[in-house]
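Observations on the model geometry
In case you want the letters, here they are:
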Amino acid sequence: RLLEPAGPRAVSLLAAELANAPARRIPRLLRVIGALANTDALPILRECLVRNRSSEEVAIALEALGRFGSADDRDTARGKLGDDDALVRQHAAICLGHIGTPDDVEALRDLLDDRDWWVRYRAAGAIAELLRRQPTQLRAVIDALVDRDARNILERAAAESTLRA
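Here is a short report on the structure shown in this document. Source: prediction; values computed, not measured.

1. Looking at the side chain of Arg89
Positionally, Arg89 belongs in helix α6 (residues 86-99). The exposure class assigned to Arg89 is buried, which follows from its relative accessible area of 3%. At 2.8 Å, the side chain of Arg89 and the side chain of Asp114 are in polar contact. With sequence-adjacent residues up to four places away left out, Arg89 is seen in contact with Lys80, Leu81, Gly82, Asp83, Asp84, Leu111, Asp114, Arg115, Asp116 and Val119.

2. Examining the packing of aromatic side chains
Scanning all chains against the criterion turns up three aromatic pairs. Judged by centre distance (5.0 Å) and plane angle (10 degrees), the ring pair of Trp117 and Tyr121 falls under stacked. Placement of both Trp117 and Tyr121 in helix α8 (residues 117-130) is noted, with a separation of four residues, approximately one turn of the helix. Seen in terms of ring centroids, Trp118 and Tyr121 are 5.6 Å apart; in terms of plane orientation they differ by 90 degrees. Their pairing is edge-to-face. Pair noted here: Trp118 and Tyr121 are both in helix α8, with a separation of three residues, about one helical turn. Residue class for Tyr121 comes out buried when judged on its relative accessible area of 16%.

3. Some details on the nonpolar core
Nonpolar side chains in soluble globular proteins tend to end up buried together. Membership of the largest hydrophobic core comes to 55 residues, with the highest contact counts inside it found for Leu45, Leu62, Leu81, Leu108, Leu112, Ile127 and Leu154. Among the elements that take part in this core, α8 stands out by supplying eight residues, more than any other. Residues in contact with Leu81, not counting those within four places in the same chain, are Arg89, Ala92, Ala93, Leu96, Ala107, Leu108 and Leu111.

4. A look at unusual backbone geometry
Positive phi, close to 50 degrees, is recorded for Ala37, a residue that is not glycine. Relative to the assigned elements, Ala37 resides in the loop between α2 (26-35) and α3 (42-50). Residue Ala37 is classed as partly exposed on the basis of its relative accessible area, which comes to 31%.

5. A word on the environment of Gly66
One can find Gly66 in helix α4 (residues 55-68). Using a relative accessible area of 8% as the deciding quantity, one classes Gly66 as buried. Spatially, the C-alpha atoms of Gly66 and Gly100 are 8.9 Å apart, while their sequence positions differ by 34 residues.

6. Structural notes on the pattern of salt bridges
Applying the stated criterion across every chain, the model contains 14 salt bridges. Of the charged contacts, one joins Arg156 and Glu160 as a salt bridge, the two residues approaching to 3.1 Å between their closest N and O atoms. Of the two residues, Arg156 and Glu160 are both situated in helix α10 (residues 148-164); the distance of four residues between them amounts to about one turn of the helix. Judged by relative accessible area, Glu160 falls into the partly exposed class, the value being 21%. Beyond isolated ion pairs, a larger network of salt bridges with shared partners links Arg74, Arg78 and Asp104.

Rules of the game
- Residues numbered from 1 in each chain as written.
- Predicted model: local features only at pLDDT ≥ 70, side-chain atom pairs only at ≥ 80, totals over all residues.
- Heavy atoms only, no water.
- Helix = DSSP H or I, 4+ residues; strand = E, 2+ residues; numbered from the N terminus.
- Buried < 20%, exposed > 50% of the residue type's maximum accessible area, 1.4 Å probe, protein only.
- Polar contact = N/O pair within 3.5 Å; in protein donor to acceptor, adjacent residues only side chain to side chain.
- Contact = heavy atoms within 4.5 Å.
- Phe/Tyr/Trp six-rings, centres within 6.5 Å; stacked < 30°, edge-to-face > 60°.
- Core = buried A, V, L, I, M, F, W, Y, C linked by side-chain atoms within 4.5 Å.
- Salt bridge = Lys/Arg side-chain N within 4 Å of Asp/Glu carboxyl O.

Below is the structure:
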């Protein structure tokens, strides 16, 4: 929040720096750009998702989009749910948990069987968040799960989401 008043000028300066930065500095610059939480930064973050960037950079961009992106970013985040890298899948799930709608639950439910525990956990958290105000629908999703581990992780995420509410 400290950086939020920096505004469009800061985004512009950071974008110029990003364009000329060595690869090792790019993740740090993307974090600062994301921390600005300024909608002027959205094109930079979206471009990061389109370009063939490192998994770390894509995860940082998804995290920022989850904080201040819009419904326009849902399709991009959904597309990253199938990424080869677990870090990207985790952050895509987190992003959808913030900017998604209940229509995204089905895509997230597929991740409850992911080989990576953190991906499963983040997907469960996203589902719980999207359905927090619809407890009957959340219960139906939980009850429909055949896999005991998937059911348990979603029940845990639902309980955690209730505590945050």
